[in-house]
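Architecture and fold: a report
Given next are the chains, with one letter for each unit.
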Amino acid sequence: MHRVIISGIGAEIPKPVITNEELVASFNAWIDTENARRQAAGETLLQKSDADFIVHASGVRARHVIEREGILDPTRMAPRIPARPDDALSLQAEFGVASAGKAIEHAGIEASDIDLVICSSSHQQRPYPAIAIEMQEALGTRGAGFDMGLGCSSAAAALHMAVNLVRSGAHKRVLVTTPEIITGHLNFRDRQTHFIFGDASVSMVVEGLAQGERRPGRFEVLDTRLWTQMSNNIRTNLGYHTRTAQDDPYRIDLEGNLIKQVGNKVFKEVTVAGHKFIVEFLAEHGLTPEAIRRFWLHQANARMNAMILKLAFGHDVGHDRAPMVLERLGNTAGAGAIIALSENHADMKPGDFGLICAFGAGYSIGGALLRML
């Protein structure tokens, strides 16, 4: 059994930004047109949105997106991302390579030192060839690559796999990459979800620690854990059989098939499950929440994170203990907790404990207990 470390972390945030005010202006312009149609047809009218509602509901004030064009057009309300020829690097692979390069540089290794690539995201651009294999070729890594996903727990789930593969000796160095391009799957006409997500890509290099080797400033992964429970409260039905349920299989109707969620149920149920997961996981190692220097939680909802930590600690916990990047980036699905880690670890001291914990659709929760070397 090998000691395992995260030797490199990289994050890539796209430059384009959309504020709440811009998003609401586009959404409400569409509502005006849609409600005029509904009123004429005698149908139920839809409710407008506002920036204050978004901040109250989620804590999000802005989000970065891979492509602004098309999202704010009330007649389109989706990013305009041109198709690429098969011999060109796909957009998701390109996004993954951008964060992977930073993680590899941070690890102080060459791409050829990596013998497995795991691309784990809440949404994949295609089923095959695997995005991980495409990244393997673009980066010049050895061995193999495969794709996987577990909703917003995707990065934590891949870290769980990578750590145990390295610990068992099956692989020497694993690149875990989570390029999240969620705006392509988001229903910007749904008041409950149109404001939640942003795009981001993160990567981590996971490798064994040789006997007597010292890697100050890196994290040893003491343990990882996964938990899942079936729930339809966060769901997408857009898949490869969508066409078979329609009269015209060559024209896909997206209505009802894009991301949807029952927000109030998700908040209540995930808060309870997240608190239970954290307390029990730490207790297995003889630790309490007070022993953890820093929590890098899933960046989905500011009030949810605050409630989970208050239940665990018995009092409110501030940004220093549990940093948030949600306000400026939105929910970046599997990438969020790793961005929080990337931006908030340099001040930690040797021996300090940290906890990655992500939760999302499934329901799913993934955790990793870390200690600074």
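Here's what I pulled together on the structure shown here. (Residues numbered from 1 in each chain as written. Predicted model: local features only at pLDDT ≥ 70, side-chain atom pairs only at ≥ 80, totals over all residues. Heavy atoms only, no water.)

1. Concerning a nonpolar patch on the surface
A cluster of nonpolar side chains, contributed by Leu238, Ile252 and Leu254, occupies part of the molecular surface with about 240 Å² of accessible area. Structurally, isoleucine 252 can be placed in the loop between strand 9 (234-235) and strand 10 (260-261). (Patch = residues over 30% accessible without salt bridge, like charges linked within 9 Å, V, L, I, M, F, W, Y side chains within 5 Å. Areas by Shrake-Rupley, 256 points an atom, 1.4 Å probe, with all protein chains shown as cover. Salt bridge = Lys/Arg side-chain N within 4 Å of Asp/Glu carboxyl O. Helix = DSSP H or I, 4+ residues; strand = E, 2+ residues; numbered from the N terminus.)

2. Here's the deal with the packing of helix 6 (residues 263-283) against helix 7 (residues 302-313)
Geometrically, a packed helix pair is captured by the angle between its two axes and the distance between the axes. The N-to-C vectors of helix 6 and helix 7 enclose an angle of 40 degrees; their axes lie 9 Å apart at closest approach. By the angle between their directions, the pair helix 6 and helix 7 is classed as oblique. Considering how the two elements wind past one another, helix 6 and helix 7 form a crossing that is right-handed. Contacts from Val266, Phe267, Val270, Thr271, Gly274, His275, Ile278 and Val279 in helix 6 reach Arg303, Met304, Met307, Ile308, Leu311 and Ala312 in helix 7. (Axes fitted to C-alpha atoms, helices over the stretch in contact; angles between N-to-C directions. Parallel < 35°, antiparallel > 145°, perpendicular 65-115°, else oblique. Left-handed = near helix turned anticlockwise from the far one by under 90°. Contact = heavy atoms within 4.5 Å.)

3. Regarding the sheet that holds strand 8 (residues 219-228)
A sheet is described by the order of its strands in space; here 9 strands give the open sequence 5-4-6-7-1-8-13-12-11, paired in mixed fashion. Looking at which strands have only one partner, the edges of the open sheet turn out to be strand 5 (144-148) and strand 11 (292-297). Going across the sheet, the axis of each strand differs from the next one's by a mean of 25 degrees, ignoring polarity. Each of strand 1 (3-12), strand 6 (173-180) and strand 7 (200-209) touches helix 3 (residues 91-107); the most contacted strand, strand 1, lies at about 130 degrees to it. With respect to the sheet, helix 4 (residues 131-139) is in contact with strand 4 (116-120), strand 5 and strand 6, its orientation differing from that of strand 5 by roughly 145 degrees. (Pairing = 2+ DSSP bridges.)

4. Some words on the nonpolar core
Grouped together as the largest cluster of nonpolar side chains are 36 residues, with contacts concentrated most on Leu159, Val206, Trp296, Ile339, Ile356 and Leu370. Elements with a minimum of two residues in this core: strand 1, strand 4, helix 5 (154-168), strand 6, strand 7, strand 8, helix 9 (336-343) and strand 13 (364-372). Ranked by residues supplied to this core, first place goes to helix 5 with 7 residues. Excluding residues that lie within four positions of it along the chain, isoleucine 339 makes contacts with Ala11, Ile13, Ala200, Val202, Val325, Leu329 and Thr332. Formed by 26 residues, the second largest nonpolar core is a distinct cluster that contains Val270, Leu282, Ala312 and Phe359. (Core = buried A, V, L, I, M, F, W, Y, C linked by side-chain atoms within 4.5 Å. Buried < 20%, exposed > 50% of the residue type's maximum accessible area, 1.4 Å probe, protein only.)

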